[in-house]
Amino acid sequence: MARNPATRLLRIYSSQFKVRFISSSNRFALSCHEFHHPSTQMHQSLGFTHPERIQLNKCSSSGLDFRVLNLNKRFYCTPREIGNSSDSIVSEHGDDNKIKSQASASTTESFAHVSALDPVKLYRRLRDGPISEKLGLEECEELSEIFHSFARSGWASNQALAIYISASFFPTAAHQFRNFFFKKINRDTVDYLLSLGPGTQSERFLFPIFVEFSLEHFPDEIKKFRSMISSADLTKPETWFPFARAIKRKIIYHCGPTNSGKTYNALQRFMEAKKGIYCSPLRLLAMEVFDKVNSRGVYCSLLTGQEKKYVPFGNHTACTVEMVSTEELYEVAVIDEIQMMSDLYRGYAWTRALLGLQADEIHLCGDPSVLSIVRKICKETGDELIENHYERFKPLVVEAKTLLGDIKNVRSGDCVVAFSRREIFETKIAIEKHTNHKCCVIYGALPPETRRHQANLFNEQGNEYDILVASDAVGMGLNLNIRRIVFYNLSKYNGDKMVPVPASQVKQIAGRAGRRGSVYPDGLTTTLHLPDLDYLIECLQKPFDEITKVGLFPFFEQVELFAGQIADITFSQLLQKFSENCRLDGYYFLCKHDHIKKVANMLEKVGGMSLEDRFNFCFAPVNIRDPKAMYHLLRFAQSYANDVPVSLAMGVPRGSARNDGELLDLESKHQVVSMYLWLSNHFKEERFPYVKKAEGMAADIAELLGESLIKADWKPESRSQGKRDRDRDREEGYQRPRSLVKEQDKKRQERDLESLGKVIA
Ligand SMILES: Nc1ncnc2c1ncn2[C@@H]1O[C@H](COP(=O)(O)OP(=O)(O)OP(=O)(O)O)[C@@H](O)[C@H]1O
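Note that this is a predicted model, so its numbers are computed, not measured.

(A) How the structure looks around the pattern of salt bridges. With the rule as written, the count across this model stands at 28 salt bridges. In this structure, the salt-bridge partner of Arg-411 is Glu-399, at a minimum N-O distance of 3.2 Å. With Arg-411 in the loop between β15 (397-398) and β16 (414-417) and Glu-399 in the loop between β15 and β16, the pair connects residues that are twelve residues apart, well separated along the chain. For Asp-472, the salt bridge is made with Lys-492, and the minimal N-O distance between the two is 3.3 Å.

(B) Geometry of the sheet that holds strand β9 (residues 300-303). With respect to topology, eight strands assemble into an open sheet ordered β10-β9-β11-β8-β12-β13-β7-β14, the strand pairing being mixed. With partners counted over all chains shown, the strands left at the sheet margins are β10 (308-309) and β14 (384-389), one partner each. When strand β7 (residues 250-255) meets β14, the two strands line up parallel, connected through six bridges. Its bridge partner lying in β14, Ile-251 is registered against Leu-385.

(C) Representation of the nonpolar core. One finds Leu-143, Ile-335, Leu-357 and Phe-617 to be the most contacted residues of the largest nonpolar core, which totals 156 residues. In this view, Leu-357 contacts Ala-244, Arg-249, Ile-277, Cys-279, Val-324, Ser-325, Thr-326, Tyr-330, Ala-333, Ile-335, Arg-352 and Ile-362; residues no more than four positions away in its chain are not counted.

(D) Region of the structure containing the packing of aromatic side chains. Overall, the coordinates contain 36 aromatic pairs when judged by the stated rule. When the ring of Phe-169 is compared with that of Phe-218, the centres are 5.0 Å apart and the planes differ by 85°; the resulting orientation is edge-to-face. In this pair, Phe-169 is assigned in the loop between α6 (154-160) and α7 (170-183) and Phe-218 in the loop between α9 (200-217) and α10 (219-231), connecting sequence segments 49 residues apart. The burial state of Phe-169 is the same as that of Phe-218; both residues are buried. With 5.8 Å between their ring centres and 75° between their planes, Phe-553 and Phe-619 make a pair best called edge-to-face. A residue pair is termed long-range when its members are at least 10 positions apart, and Phe-553 in the loop between β23 (550-552) and α20 (556-563) and Phe-619 in the loop between α23 (611-618) and α24 (627-641) qualify at 66 residues. The exposure class assigned to Phe-619 is partly exposed, which follows from its relative accessible area of 23%.

(E) Spatial organisation of the side chain of Ser-342. As for its position among the elements, Ser-342 is in the loop between β12 (329-335) and α14 (347-356). When near neighbours in sequence (up to four residues on either side) are disregarded, Ser-342 contacts Ile-547, Lys-549, Val-550 and Phe-589.

(F) Structural view of the packing of helix α22 (residues 594-603) against α23. Relative orientation of the contacting elements α22 and α23 amounts to 130°, with a least axis distance of 9 Å. In terms of their interaxial angle, α22 and α23 are classed as oblique. Judged by the sense of rotation from one axis to the other, the crossing of α22 with α23 is right-handed. Contact residues: α22 offers Ile-596, Val-599, Ala-600 and Leu-603, while α23 offers Arg-614, Phe-617 and Cys-618.

Conventions we followed
- Residues numbered from 1 in each chain as written.
- Predicted model: local features only at pLDDT ≥ 70, side-chain atom pairs only at ≥ 80, totals over all residues.
- Heavy atoms only, no water.
- Salt bridge = Lys/Arg side-chain N within 4 Å of Asp/Glu carboxyl O.
- Helix = DSSP H or I, 4+ residues; strand = E, 2+ residues; numbered from the N terminus.
- Pairing = 2+ DSSP bridges.
- Core = buried A, V, L, I, M, F, W, Y, C linked by side-chain atoms within 4.5 Å.
- Buried < 20%, exposed > 50% of the residue type's maximum accessible area, 1.4 Å probe, protein only.
- Contact = heavy atoms within 4.5 Å.
- Phe/Tyr/Trp six-rings, centres within 6.5 Å; stacked < 30°, edge-to-face > 60°.
- Axes fitted to C-alpha atoms, helices over the stretch in contact; angles between N-to-C directions.
- Parallel < 35°, antiparallel > 145°, perpendicular 65-115°, else oblique.
- Left-handed = near helix turned anticlockwise from the far one by under 90°.

What follows is the structure, encoded as structure tokens:
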């Protein structure tokens, strides 16, 4: 074997990722990623002329493989004995000598007296030892690099949370730890660290010493963060409801697709019970159940954010899920659309109802997506779970022909679903212009009363209003006589860009066609454009996604406790800090609250409000993109804070809308009135003395909206609105596609090109 004369000067310290070349007097480092210039002695000893042109081929525990480019020679460097010996073998390429030694094992062996030492002892030895000898420049640089890597380590920062060193304080703590280490250097420890180099190994070695250091040096920071963390602790939410835990509850999960009789069966039990509560995802649905149950002779009250209708002697209540009381005892509770536990914004309300309701029997109605998570929750709460699986009464049939892109092909009993207000009105106008049909309209911004009115008009047989044009708001809560659901398109704007409508939503909407007991018991669905059909079929065939996390949000008391830990901070910052520091168990997420923070920011201008008032005001139902509604909310808060009666200070137009601008104004006005009613229900009533007036106004506006929709034959957007949309589109650099058609065409073209490419290849 050809021995290089330089072998005696070489020693491999750590072979894993970092290799140290040690000459008799100096140390030089070479790493996998970068090459530190060796000194002249090194070059001479190896006979290199341009040492920076060394290319490292491989560096592993079995050795070092590098090429000296300017010599065009390749070398193997073999660790024969690491640590104690200064000898290694460097052989030129072509030598078959196989390397056997295990460098890292040898390294550990040689530093066993350091690595195996109890970190507490090691820390004390450093702390109580003398001020250290000075390190050489290179050593200093490398050690700095090791500490720098430690301070940036996500692993170490995460681990530090366990001893209540916050992520924001960790870099400061790590920096002070570094200073301490450099002051109290210990030769063996330094050598060991240098042998490990920056990265995982040194982090693991340093961390326990860092813990000892931190516990001794930062007791105040730790205490502060600890109490902050424990006040933002959202783990084990099932323990928040001790009274519910004291009851042996029976949970019945009615699990199945739309139109399979889930709610019907749950409501049967609800009506039989001595005392029951029905929790709805929408005001509209709560109203429907309220009417239905009362019409069957079971006295039932209504409770939503905006209205309280007490029915004397009634033991039953239909409420929106956010309003349900976890303090009352019920025989039967129904939680509808339980899969909404996973809703990014409102999911916490379903989670709270499931965990906190004090009822002997809780009926959950929904699709199978949250079944496995409900099973886990029931295990933790100790409740008995009964699963009832359902199939659709009649299968949904997809019409392959579609409307062939021509809206004139609509038929009586059709519901055309579009995903923007503009498209809804365009469709309605086009149908009424080119056919003999008349359209009813349903979309989310309409008050529930108007939606119901439109639904009734559509459901009634024998009138000319036999087509419904609706948004995704039609997917839940209304019993409609729909023969066929026609998707105008299958993409929608998600606030940022156009995205395909999620399969679960497509299923939910399509499932509204052909309800049992309706005029059309057989359901059909199709698309306006042929190319959208594939996506529709794909969505309907897709099994339900399994949800892995459900929403949580803190109660006011939890936020208040947290606020006690931090001084001089705005409410919006407080919420931000809470979300950064809160702890959650594996299958919970903190619900999004950007809209709440936006309202909180606006309300910062209002002084003299308690934290609780601020918290409650932030939950008022307001469209944050509607400046008029935001202005009124600010005004309400100012009056409230100034201790003057909160007035509506808003009039109702005399007649129905004559154009889209007036229609938008009516929608906006209704939202303001609705907000006033909501506030009056969440604060002392005497502070909101105009409830009766507000109720009257809400009813008047809803009626005007209904009349306006019947007459609506104007262009859906005023010019400025259209321009605003176009400007925004331009600013955001995206084109708003009319439907999936273009995308599908593009995909098809791409596929064609691809196959052409294959043929050519
Ligand atoms: N046993 C039954 N007898 C008579 N009508 C029924 C029966 N079961 C269900 N229905 C009717 O069938 C229709 C659909 O039932 P239901 O609303 O319970 O379905 P669902 O599975 O809850 O659907 P969705 O999820 O869309 O609300 C309703 O109009 C309901 O009144």
